[in-house]
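One letter stands for each residue in the lines below.
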Amino acid sequence: MYVEVALPLPLPRTFTYRVPDELRAGARPGARVLVPFGSKERIGWIDRVAETGGSEKTKAILGVLDPSPSATPSVLRLSRWIAEYYLAPLGLVLRSALPAGLTDATSDFVTLLPGAEPSDELSPLETMVVEWLRGAGEGPLPVARLRRELGAHAWWPAIRRLEERGMVRVDSEGPRVGPPVRTRRVVEIVRRLPSLLER
């Protein structure tokens, strides 16, 4: 199974990615996905799904971020029309049409809830997530750090299943919307100098 992903970049095309078997259920048009792009990872939206269209070398998506598509069919249709009419990249149109918290600037955090213990009912990846959260410290921990420390696996399906079991909580922090804080250095002379020449 392959998907066409619209990334919020100034490029007038979508990108083809392969969908691993464990992510097929959530890979629907309008859903946000985490994909490798160059040396980085980016968040994009699935535009279309197809059974063919790629090859063995086609990169796989890393995770489906939405339990249900964030871009509804009507929003997706309208965004496609806008992109075609105004010759704009679909990813940028979708980013403009949806809340700012769903874009690349979003940071996702996962928190281990009290009483969550590894058990035989958990998959190996779910067990790894729980054990990592127990050892990494208390409070919300960035999913990006989990990926960095435990490697590039399909973490999102495991995190979503743990969330459904009530073992973890997932929070997203949107981009900063306020102006950046500016600081200015001020030097104060403590000793009073008697004349202007000495100053």
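If you're wondering where the values come from, they're calculated on a predicted model, not measured in any experiment. (Residues numbered from 1 in each chain as written. Predicted model: local features only at pLDDT ≥ 70, side-chain atom pairs only at ≥ 80, totals over all residues. Heavy atoms only, no water.)

The subject of this paragraph is helix α4 (residues 143-150). Those residues of α4 not exposed but buried are Val143, Leu146 and Arg147. With its buried residues spanning 95 degrees around the axis, α4 presents them on a single face. Contacts made by the buried residues of α4 are with β3 (32-37), β4 (40-50), β6 (107-112), α3 (124-136), β7 (141-142) and α5 (155-164). The first or second residue beyond α4 is Gly151, which carries a positive phi of 100 degrees. (Buried < 20%, exposed > 50% of the residue type's maximum accessible area, 1.4 Å probe, protein only. Helix = DSSP H or I, 4+ residues; strand = E, 2+ residues; numbered from the N terminus. Arc of directions from axis to C-beta. Contact = heavy atoms within 4.5 Å.)

Let's shift gears to the pattern of salt bridges. Scanning all chains against the criterion turns up eight salt bridges. Taking the shortest distance from any N to any O, the salt bridge between Arg24 and Glu51 comes out at 3.9 Å. Residue Arg24 is found in the loop between β2 (15-18) and β3, and its partner Glu51 is found in the loop between β4 and β5 (63-64); the two are separated by 27 residues along the sequence. The class for Arg24 is partly exposed, based on a relative accessible area of 32%. Look at the salt bridges and you will find they share partners, linking Asp21, Arg24 and Glu51 into a network. (Salt bridge = Lys/Arg side-chain N within 4 Å of Asp/Glu carboxyl O.)

Following the sequence through the fold, Thr111 ends up in strand β6. Setting aside anything within four residues of it in sequence, one finds Thr111 in contact with Gly139, Pro140, Met167, Val168, Arg169 and Asp171.

In terms of nonpolar packing, the biggest core is built from 21 residues, with Val110, Val129, Leu133, Trp156, Ile159 and Leu162 touching the most fellow members. Looking at this core, the elements that each hand over two or more residues are α3, α4, α5 and β8 (168-173). The residues contacting Leu162, other than those within four sequence positions of it, are Leu122, Glu126, Val129, Val130, Met167 and Val168. Among the nonpolar cores identified, the runner-up in size contains 16 residues, and Val5, Phe15, Leu23 and Ile61 belong to it. (Core = buried A, V, L, I, M, F, W, Y, C linked by side-chain atoms within 4.5 Å.)

Take the sheet that holds β5 next. Within the open sheet, the five strands sit side by side as β2-β1-β4-β3-β5. Their pairing is antiparallel. Whereas interior strands pair on both sides, the edge strands pair on one side only; in this sheet they are β2 and β5. Relative to β4, strand β1 (residues 2-6) runs antiparallel, the two sharing five bridges. The residue bridging Val3 from the neighbouring strand is Val49, located in β4. (Pairing = 2+ DSSP bridges.)

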